[in-house]
Amino acid sequence: MGERVKHTGKALATFFVVLMILRIFSYFMISENPTITRIFKTGLRVALTGISFLILMRINSYKHPTRFAYYNLLAFGFYVMYLFVGFASLLWTTELGWSALQLGMASECVFFVWFYWQAFLTFNDQPQFTHKIKFSYILWVAITWTCIYFLIGAVVDPDMYFRGTHGGEVQRLGGWIINPNELGMLCGVGAASLYVNIMEESKVSLWMVLAWIIILVSLLLTQSRSSLIGFAITTLYFVMISGKIKLILPTLVGGAFAAPVVFFSIFVKEGDVGEVMSMTGRLPFWHDLLVYGFQERPMTGYGFMRIWHYQKFPSIHGFPGSMTHNTFLQILLNLGITGAMMGFLNMIFTFRACARERNPLIRHAFIGMFVPVFINSLTEFGIFGDANYGIMWWLFLIMFFVVRVQPPHIQYRPLYAS
């Protein structure tokens, strides 16, 4: 009987990884037909949320049900308030259907993260399961397999898995399945999770080394400048906190030699320095959004995930766009100062929770994952943008400080960290 329970524990641990892989895949474009893609994304995400809930209920039905303690509720509460402002914006949105769809997907993501995180904590808390699993392990394994999928696809069908830019001269991994910058951000989160898992295990396996190489190769093939910066900062952060001179010096020397090559091959595409200085045309676009878009509706915005009266904002000095390419401008344009304040307070109280966290591994995990997500948020959809897995990563980061397993000797559920 003991071996059967042990085997069940390993199967469930593997299932958590599979669920995360499928969740990542639920953000991919599977067809040029938008209707088919929306049905696929919505159906798969709702199914995964339901499965996470069922797993939570099934595991918690054992002899020793897990009790949870809830801390730092203001961090999570202001995210919920941000969504409430979004629901209120349905009264004045410039496109009801799109705002409602985005709100539905954002709300569903909250439920998925809530159920998945509690199911994960419950699994590790159950005494009958001798096999435990770390969240950092789930992430880097799931992301590594996702990268393997794209690398195989790039070899088998390059037309589908590469996206041509600069007149087709630059080929970027991700194709039309996913925005290459989003895939690059995913690689950054994978690397950060891998570093955290190495710290937790205090060892480096051959599989970890291979996973790091796969993640790095995938990142370089995305040609994502912002993601590469996030990867470099995250790597340097974990190298420096290791305190090992034998690791710090080679990293600094290697980075110094690699920097010129990376700069001229990835950052300055086709020798166009002006493109880099204008952030690929984003700066004039942001200027017009603030000058012409924001001041028209400064308090309430244009509705959840809407930045103008029509589908695209007709920028005078930049390119026309349906999203801002900056998550903080996105929330400012679609929900105005009211919504932006909710998002700002959500981040402030999450940072406050991180600063007060006593477990250094949790702090390092938060910082490591936050860096690539934050940098991506400066140039793409981000944590307050159109439905993407940047939102999901941010919600998991919040959960680090909100939901904990209640110690058996404590009979109450504290609402705030002491």
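Residues numbered from 1 in each chain as written. Predicted model: local features only at pLDDT ≥ 70, side-chain atom pairs only at ≥ 80, totals over all residues. Heavy atoms only, no water.

Novice: So what exactly am I meant to see when it comes to the overall build of the protein here?
Specialist: On a plain count of helices and strands, the protein comes out with 15 helices and 4 strands. Its C-alpha atoms give the protein a radius of gyration of 22 Å, within 12% of the compact-globule value 22 Å for 418 residues. Summarising its shape, the C-alpha atoms of the protein cover approximately 70 × 55 × 40 Å along the three principal directions. Looking at the protein as a whole, 51% of its 418 residues are labelled buried. In the protein, once contacts between residues fewer than 6 apart in sequence are set aside, the share between residues at least 24 apart is 76%. Accessible area for the protein stands at about 19,100 Å²; split by element, carbon and sulfur atoms hold 70% of it. Across the protein, the 29 positively charged side chains and the 19 negatively charged ones have centroids separated by 15 Å. (Helix = DSSP H or I, 4+ residues; strand = E, 2+ residues; numbered from the N terminus. Rg over C-alpha atoms; globule rule 2.2 N^0.38 Å. Buried < 20%, exposed > 50% of the residue type's maximum accessible area, 1.4 Å probe, protein only. Contact = heavy atoms within 4.5 Å. Areas by Shrake-Rupley, 256 points an atom, 1.4 Å probe, with all protein chains shown as cover. Lys, Arg positive; Asp, Glu negative; His and termini not counted. Charge placed at Lys NZ, Arg CZ, Asp CG, Glu CD.)

Novice: What should I look at first to understand the environment of Ala353 in this one?
Specialist: Looking at the element boundaries, Ala353 is found in helix α13 (residues 327–356). The class for Ala353 is buried, based on a relative accessible area of 4%. C-alpha separation for the pair Ala353 and Phe53, spaced 300 residues apart in sequence, amounts to 26 Å. Each residue touching Ala353, except ones within four places of it in the same chain, is listed here: Asn72 and Phe401.

Novice: How should the nonpolar core be read in this particular structure?
Specialist: The tendency in soluble globular proteins is for nonpolar side chains to be buried as a group. By size, the foremost hydrophobic cluster in this structure holds 106 residues, and its most contacted members are Met20 and Trp393. If we skip the residues at most four places from it in the chain, Met20 touches Tyr116, Phe135, Ile138, Leu139, Ala142, Met392, Trp393 and Phe396. Of all hydrophobic cores here, the second largest spans 11 residues; its members include Trp286, Leu289, Leu329 and Leu333. (Core = buried A, V, L, I, M, F, W, Y, C linked by side-chain atoms within 4.5 Å.)

Novice: Help me out: how do you make sense of the pattern of salt bridges in this one?
Specialist: Note on pairing: side chains with opposite charge can pair once their charged atoms come close. A full pass over the atoms with the stated rule returns 5 salt bridges. Two residues, Arg23 and Glu108, come together in a salt bridge whose shortest N-O distance is 2.8 Å. Of this pair, Arg23 sits in helix α1 (residues 2–25) while Glu108 sits in helix α4 (residues 96–125), placing them 85 residues apart in sequence. (Salt bridge = Lys/Arg side-chain N within 4 Å of Asp/Glu carboxyl O.)

Novice: Would you explain α13 in this entry?
Specialist: Because the α-helix completes a turn every 3.6 residues, residues three or four places apart line up on one side. Taking 1.5 Å of rise per residue, the 30 residues of α13 would be expected to cover 44 Å, yet its terminal C-alpha atoms sit only 26 Å apart, more than 12% below that figure. Its axis deflected by about 130° at Gly336, α13 carries its strongest bend there. The N-cap of α13, judged by a side-chain oxygen 2.9 Å from the amide nitrogen of Phe328 a few residues on, is Asn326. (Expected span 1.5 Å × (residues − 1). Bend = angle between axes of the 7 residues up to and from the residue. Polar contact = N/O pair within 3.5 Å; in protein donor to acceptor, adjacent residues only side chain to side chain.)

Novice: Explain the packing of helix α5 (residues 135–156) against helix α8 (residues 206–222) here, please?
Specialist: Two numbers describe a pair of packed helices, the interaxial angle and the distance between the axes. Where α5 meets α8, the axes come as close as 9 Å, and the angle between the chain directions of the two elements is 50°. When the axis of α5 is compared with that of α8, the two are oblique. Here the hand of the crossing between α5 and α8 comes out left-handed. Together, Trp140, Val141, Thr144, Trp145, Cys147, Ile148 and Leu151 of α5 and Trp207, Met208, Ala211, Ile214, Ile215, Val217, Ser218 and Leu221 of α8 make up the contact between the two elements. Tallied by class, the residues present in the contact of α5 with α8 amount to 13 nonpolar, 2 polar and no charged. (Axes fitted to C-alpha atoms, helices over the stretch in contact; angles between N-to-C directions. Parallel < 35°, antiparallel > 145°, perpendicular 65-115°, else oblique. Left-handed = near helix turned anticlockwise from the far one by under 90°. Nonpolar A, V, L, I, M, F, W, Y, C, P; charged D, E, K, R; others polar.)

Novice: Sorry, what's going on with the environment of Arg23 here?
Specialist: Using a relative accessible area of 0% as the deciding quantity, one classes Arg23 as buried. Taking the C-alpha atoms as reference points, Arg23 and Cys109, 86 residues apart in sequence, are found 10.0 Å from one another.

Novice: Got a minute to help me understand the confidence of the model for the protein in this structure?
Specialist: Parts of the model with low pLDDT should not have their predicted coordinates read in detail. Confidence along the protein averages 88 in pLDDT terms, with 90% of residues attaining 70 or more. Long-range and interchain partners of residues 410–418, a stretch whose pLDDT sits below 50, account for 23 contacts in this model, where long-range means more than four residues apart. (pLDDT = per-residue confidence, 0-100.)

Novice: I tried to follow the packing of aromatic side chains on my own but got confused; where do I start?
Specialist: The description of an aromatic ring pair rests on the distance of the ring centres and on the angle between the ring planes. Tallied over the entire structure, the rule returns 49 aromatic pairs. A centroid spacing of 5.2 Å and a plane angle of 75° characterise the contact between Tyr149 and Phe150, whose relative ring orientation is edge-to-face. Over the ring of Phe112 we find Arg23; its NZ or CZ atom is 4.2 Å from the centre of that ring. The ring of Tyr27 has Arg45 lying over it, and the distance from NZ or CZ to the ring centre is 4.1 Å. (Phe/Tyr/Trp six-rings, centres within 6.5 Å; stacked < 30°, edge-to-face > 60°. Lys NZ or Arg CZ within 6 Å of the ring centre and 35° of its normal.)

Novice: Please explain α8 as it appears in this structure.
Specialist: The first and last C-alpha atoms of α8 sit 25 Å apart over 17 residues, in line with the 24 Å expected at 1.5 Å per residue. Along α8, the residues classified as buried are Met208, Ala211, Ile214, Ile215, Leu216, Ser218, Leu219 and Thr222. Turning to α8, the residues buried within the fold contact α5, β3 (170–173), α7 (180–201) and α9 (225–242). Residue Gln223 follows α8 closely and has a positive phi angle near 60°.

Novice: Looking at this structure, I do not really get a nonpolar patch on the surface. What am I missing?
Specialist: Residues Trp145, Val204, Leu206, Trp207, Val209, Leu210, Ile213 and Val217 make up a contiguous nonpolar surface patch of roughly 720 Å² in combined accessible area. By residue number, the principal contributor to the nonpolar patch is α8, which donates 6 residues. Checked against the element boundaries, Ile213 lands in helix α8. Judged by its relative accessible area of 40%, Ile213 falls in the partly exposed class. (Patch = residues over 30% accessible without salt bridge, like charges linked within 9 Å, V, L, I, M, F, W, Y side chains within 5 Å.)

Novice: Before we go on, may I ask you to explain the side chain of Thr37 in this structure?
Specialist: Mapped onto the secondary structure, Thr37 falls in helix α2 (residues 34–59). Using a relative accessible area of 3% as the deciding quantity, one classes Thr37 as buried. Setting aside its immediate chain neighbours within four residues, Thr37 contacts Phe28, Met29, Ile30 and Ser31.

Novice: Where do I start with the state of the cysteines in this structure?
Specialist: Disulfide: a covalent bond connecting the sulfur atoms of a pair of cysteines. Under the definition given, this model contains 0 disulfides. Of the cysteine sulfurs around Cys109, a residue in no disulfide, the closest is that of Cys187, at 19 Å. (Disulfide = S-S within 2.5 Å.)

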